[in-house]
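Letter by letter, the chains look like this.
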Amino acid sequence: HLERRRNQRSLRGSGPILMQMRSQIEAILFDAGGVLVLPDPTVLAPLLEFYGATAPIEQYVRAHYLGMAAKSRSRSLESDWSAYNEAYVRHVGVPEADCAVASAVLARTRSAHLWRYPVADSAAALMALHDAGMPIGVVSNASGQIEEILLRSGMCQVGAGPGAPMRCIIDSHIVGVAKPDPKIFDFALPFFPGIERANIAYVGDSVMMDVEGSLAAGLTPYLVDPHGDSPACNATVIGSLNELLVL
């Protein structure tokens, strides 16, 4: 089982408080974007170089998390990625005078099918969790493509396959409900019979979509924030999925 530490960043060093907040995690649900896959920087880097971007590929990974932090601070809904786009292009070196046009081009180019670049160590962490007997699944705001992309990337699939076996992969486009609406999680819960909602962790990278949505559903939120960019929130903050490998 995992030890939950709510709002880890603000409670760091407060041992007695952390001890009081421990609870048992018996299953884990994952978001896809920012947790398992990222917008493919091998496509976006050449695109943005045309507008003056100078960053190496690894900085495009960091740009995603800076973008998500900006999106969280702006309280943007799923349909509004303007804050994300602006933070993203600035971080990869687009000059200020070209940020507006580069952001607009990024918005038109970063399609659902570009969310395919595997997050480092996530596939191995998923397999390790599966091998340890932890029930796992995916709940993602997507466009009908996420199950195929996770399979093609070797990340995971429902049942046996090249990646970690999932109990379910819930795509918001297919079920007709998107985070932060907590009802999306109702489509996953039947795959985890006998486990209380509070004992199911949800791992995402958005304060508004993932943390607040899963809290409203009664789950236990974890926020992937490798560099400490996001605003403080009522969740356990982790740098990678490897931090979940605590049984």
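The structure reproduced in this document is the subject of the present report. Everything quoted here is computed from the prediction, not taken from an experiment.

## Digging into the pairing of strand E10 (residues 200–204)
Of all 5 residues that make up E10, 5 are buried, and the element is covered over most of its length. Covered by surrounding structure in E10 are Ile200, Tyr202 and Gly204 together with Ala201 and Val203, the residues of both alternating faces. Bridging between strand E3 (residues 27–30) and E10 involves 4 bridges; their strand directions are parallel. By the bridge assignment, alanine 27 is partnered in E10 with isoleucine 200. With 4 bridges connecting them, E10 and strand E11 (residues 220–224) associate as parallel partners. Paired with valine 203 across the bridge in E11 is tyrosine 222. Handedness of the crossover is the feature at issue here: the chain leaves E10, passes through helix H10 (residues 207–216), returns alongside E11, and the resulting connection is right-handed.

## Some thoughts on the pattern of salt bridges
For side chains bearing opposite charge, pairing can occur when the charged atoms are close. By the definition in use, this model includes 8 salt bridges. For arginine 90, the salt bridge identified is with glutamate 96, shortest N-O distance 2.7 Å. In this structure arginine 90 comes out as partly exposed when scored by relative accessible area, which is 40%. Judged by its relative accessible area of 54%, glutamate 96 is exposed. Aspartate 210 is the salt-bridge partner of lysine 179, the closest N and O atoms lying 2.7 Å from each other. Remark: aspartate 210 occurs in helix H10 and lysine 179 occurs in the loop between helix H9 (172–175) and E10; sequence separation between them is 31 residues. Take lysine 179 and aspartate 210: they sit in the same class, and that class is buried. Bridged by salt links that share partners, the residues Asp31, Lys179 and Asp210 form one connected network.

## Considerations on the packing of aromatic side chains
In the structure shown here, the tally under the stated rule is 6 aromatic pairs. The interplanar angle of 85° and the centroid separation of 5.2 Å between the aromatic rings of phenylalanine 50 and tyrosine 51 together place this pair among those described as edge-to-face. With relative accessibility at 19%, the residue tyrosine 51 sits in the buried group. Measuring from centroid to centroid gives 6.0 Å for tyrosine 60 and tyrosine 88, while their planes differ by 65°, and the two rings are edge-to-face. Taken together, the residues span a long stretch of sequence, with tyrosine 60 in helix H4 (residues 57–73) and tyrosine 88 in helix H5 (residues 82–91) at a distance of 28 residues. Accessibility expressed as a relative area gives 2% for tyrosine 60, which makes it buried. Classification of tyrosine 88 by relative accessible area gives buried; the value is 1%.

Reading guide: rules and limits
- Residues numbered from 1 in each chain as written.
- Predicted model: local features only at pLDDT ≥ 70, side-chain atom pairs only at ≥ 80, totals over all residues.
- Heavy atoms only, no water.
- Buried < 20%, exposed > 50% of the residue type's maximum accessible area, 1.4 Å probe, protein only.
- Helix = DSSP H or I, 4+ residues; strand = E, 2+ residues; numbered from the N terminus.
- Pairing = 2+ DSSP bridges.
- Right-handed = clockwise from strand over helix to strand, strands pointing away.
- Salt bridge = Lys/Arg side-chain N within 4 Å of Asp/Glu carboxyl O.
- Phe/Tyr/Trp six-rings, centres within 6.5 Å; stacked < 30°, edge-to-face > 60°.

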